[in-house]
Amino acid sequence: LFGHVKGAFTDARTDRLGKLEEADGGTLFLDEIGDMAPILQVKLLRVLQEREIQPLGSNRPRKVDVRVIAATAANLEEMIREKRFREDLYFRLNVIPISIPPLRERTGDIPLLLTHFIHTLSRKHGLPELKLTNEAMTALTAHPWRGNVRELEHAVERMLILADGKTILDTTDLDRSEERRVGNEGRS
């Protein structure tokens, strides 16, 4: 996040910009902020308050103008109560909260996401685009998708690869795709 200067440690042969300095004048996305170590929470809080960083090995702070967007699946309020996340950092980051419900609570997005993933993943793998029967679409929409959008994307990729040349898939094809996945777990 903060970069380093030449000589800051044994293999530091040149200066290296950190992510915060690279994002100067722009936006930095920090995913899973709830997993950030307490020492980094303190340093990030300082960056947000003072708008400056100090690269490792440097004694000179550098000004940065960076917008930070942070995301997490963790319950930060609970983590604050348990003293695992800094309350002051939470309030510094929580300027415009955006809550995105899990995919199972916004099933209307599933057909659009399926169409998108089928299109992009077909192109990626050089395969024909799949079509889903109404029954297959209904089954996929009803699935709980505990892994959210990533699980859906991987399911589409699996269906494409295991389609065996078929271009229209029904619910039996979905079942076979799932059986193959489960049957191959643990094999690399």
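Residues numbered from 1 in each chain as written. Predicted model: local features only at pLDDT ≥ 70, side-chain atom pairs only at ≥ 80, totals over all residues. Heavy atoms only, no water.

## Some thoughts on the nonpolar core
Working step 1: If you look at the biggest cluster of nonpolar residues, it comprises 21 residues, and the most contacted ones within it are Leu20, Leu30, Ile33, Leu44, Val66 and Phe85.
Working step 2: Those elements that place two or more of their residues in this core are strand E1 (27-30), helix H2 (38-50), helix H3 (76-81) and helix H4 (87-93).
Working step 3: Examining the composition of this core, we find that 4 residues originate from one element, H2, more than from any other.
Working step 4: Core analysis: the next-biggest nonpolar cluster, separate from the first, contains 20 residues, Leu103, Leu132, Val156 and Leu169 among them. (Core = buried A, V, L, I, M, F, W, Y, C linked by side-chain atoms within 4.5 Å. Buried < 20%, exposed > 50% of the residue type's maximum accessible area, 1.4 Å probe, protein only. Helix = DSSP H or I, 4+ residues; strand = E, 2+ residues; numbered from the N terminus.)

## Some words on the pattern of salt bridges
Working step 1: Applying the stated criterion across every chain yields a total of 9 salt bridges.
Working step 2: Where arginine 46 meets glutamate 52, a salt bridge forms, and the shortest distance between an N and an O atom there is 3.0 Å.
Working step 3: Of the residues examined, glutamate 52 reaches a relative accessible area of 14% and is grouped as buried.
Working step 4: For lysine 124, the salt bridge identified is with glutamate 157, shortest N-O distance 3.3 Å. Of the two residues, lysine 124 sits in helix H5 (residues 110-125) while glutamate 157 sits in helix H7 (residues 148-161), which places them 33 residues apart along the sequence. (Salt bridge = Lys/Arg side-chain N within 4 Å of Asp/Glu carboxyl O.)

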